[in-house]
Amino acid sequence: MTAETNTETAQATGSCCSSTGSCHDGAADVQIGGVTTVYQVTGMTCGHCEGAVTAEISELPGVTSVKAVAATGQVTVVSDAPLTETAVREAVDEAGYELVGRA
């Protein structure tokens, strides 16, 4: 299970899931423009962990998409401009996990 945030598209289906009923619609997987950075985070073990990391990083200015995967520890962030590692580290720390660095 992965947690995704895509602030550029709104769902018009009346559900938090995609029009197909899935929690994945692929919209956050492919981004046109922006800066994509993959980070390695330790301590995530489940969907709740993914959601916590996603929520904190999503609050950073300029972030348009976050996808956290507990199984790999990877967090893919798409932003309008490069983020400072310090800002991402603080967001991950706030969620209760540890940023190892870029993957």
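Provided above is the structure to which this section pertains.
Residues numbered from 1 in each chain as written. Predicted model: local features only at pLDDT ≥ 70, side-chain atom pairs only at ≥ 80, totals over all residues. Heavy atoms only, no water.

1. Thoughts on the pattern of salt bridges
Scanning all chains against the criterion turns up one salt bridge. Ionic pairing is found between Arg89 and Glu85, a salt bridge with its closest N-O pair at 2.8 Å. Here Arg89 and its partner Glu85 are both found in helix 2 (residues 85-95), four residues apart, which amounts to about one turn of the helix. Classification of Arg89 by relative accessible area gives partly exposed; the value is 30%. (Salt bridge = Lys/Arg side-chain N within 4 Å of Asp/Glu carboxyl O. Helix = DSSP H or I, 4+ residues; strand = E, 2+ residues; numbered from the N terminus. Buried < 20%, exposed > 50% of the residue type's maximum accessible area, 1.4 Å probe, protein only.)

2. Considering helix 1 (residues 47-58)
Between its terminal C-alpha atoms helix 1 stretches 16 Å, which fits the 16 Å expected from 12 residues at 1.5 Å a residue. Considered for burial, the residues of helix 1 that qualify are Cys49, Glu50, Ala52, Val53, Thr54 and Ile57. (Expected span 1.5 Å × (residues − 1).)

3. Observations concerning the nonpolar core
Residues Met44, Ile57, Val75, Val88 and Tyr97 are the most contacted members of the largest nonpolar core, which totals 21 residues. Mapped by element, the contributors of at least two residues to this core are strand 2 (35-42), helix 1, strand 3 (63-69), strand 4 (74-79) and helix 2. Not counting chain neighbours up to four residues away, the residues in contact with Tyr97 comprise Val41, Thr42, Gly43, Met44, Cys49, Ala52, Val53 and Val92. (Core = buried A, V, L, I, M, F, W, Y, C linked by side-chain atoms within 4.5 Å. Contact = heavy atoms within 4.5 Å.)

4. Describing helix 2
Taken residue by residue, helix 2 has Val88, Ala91, Val92 and Ala95 as its buried positions. Each buried residue of helix 2 sits inside an arc of 95° when the element is viewed along its axis, so together they form one side. Exposed and facing more than 90 degrees away from the buried side of helix 2 are Thr86, Glu90 and Glu94. Those residues of helix 2 that are buried are in contact with strand 2, helix 1 and strand 5 (98-102). A positive phi of about 100° marks Gly96, the residue just after helix 2. (Arc of directions from axis to C-beta.)

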